[in-house]
Amino acid sequence: VATTDISSDTTPGYDDGSSGSTFGSANLFDPPGGTSEDRPQDFTPFIAASSPFQDYLASLGLAGSNEGSDSDKDGFSNLDEYLFGGHPNDSTITPTTAFVIGTGDLTLSGPVRISDPAYAVVAERSDDLKTWESNGLTIEDSASDLGPDFVERTATFTGMPERIFLRFATSTEE
């Protein structure tokens, strides 16, 4: 790439984006069998779209981190913190859930992110920790103290079997 900013001085069809280049401005376009012309470059097809989760990590200075990383070493993955109201840069702000054993029922509640369509959070129950199912649970969502990106989700199982386990599970929407 030439040190000047004149598009006709650049190597046809090439621009490395370095200082003094014509990155993003008109560049000499010389198609096979066509006529040479200066026209704007469009790199839009080559720009990878980011996800709300990736944008969230980038806003916290964690660009390039992945879902399974535990950036603050608090025992919760970055994805768990994103979906359940923790903070991946602050080990004192972790996802929280509450279990309440009532008279004849068991309730699990906690904040759940609803603003990212790539993830769905469901409540599930099991009596053996191997087989999980959602049926038999009453789900209620209410406003969360964490703002409009979250709801306070409550899952209630009515009845008191000998053993019962409740959890929030995440599925990826494709």
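Let us look at the structure shown here. (Residues numbered from 1 in each chain as written. Predicted model: local features only at pLDDT ≥ 70, side-chain atom pairs only at ≥ 80, totals over all residues. Heavy atoms only, no water.)

Even without a glycine there, the phi angle at Lys-73 is positive, about 55°. If you trace the backbone, Lys-73 turns up in the loop between α1 (52–59) and α2 (78–84). Although it is not a glycine, Leu-129 sits at a positive phi angle of roughly 65°. Considering the arrangement of structural elements, one finds Leu-129 in the loop between β5 (119–126) and β6 (137–143). On the accessibility criterion, Leu-129 (52% relative accessible area) is exposed. (Helix = DSSP H or I, 4+ residues; strand = E, 2+ residues; numbered from the N terminus. Buried < 20%, exposed > 50% of the residue type's maximum accessible area, 1.4 Å probe, protein only.)

Turning our eyes to something else, we now look at the sheet that holds strand β3 (residues 98–101). On the basis of which strands lie adjacent, the open sheet formed by four strands has the order β3-β4-β7-β6 and antiparallel pairing. Among the strands making up the open sheet, the edge pair consists of β3 and β6. Here the strands of the sheet are splayed against their neighbours by 20° on average, with no regard to which way each runs. (Pairing = 2+ DSSP bridges. Axes fitted to C-alpha atoms, helices over the stretch in contact; angles between N-to-C directions.)

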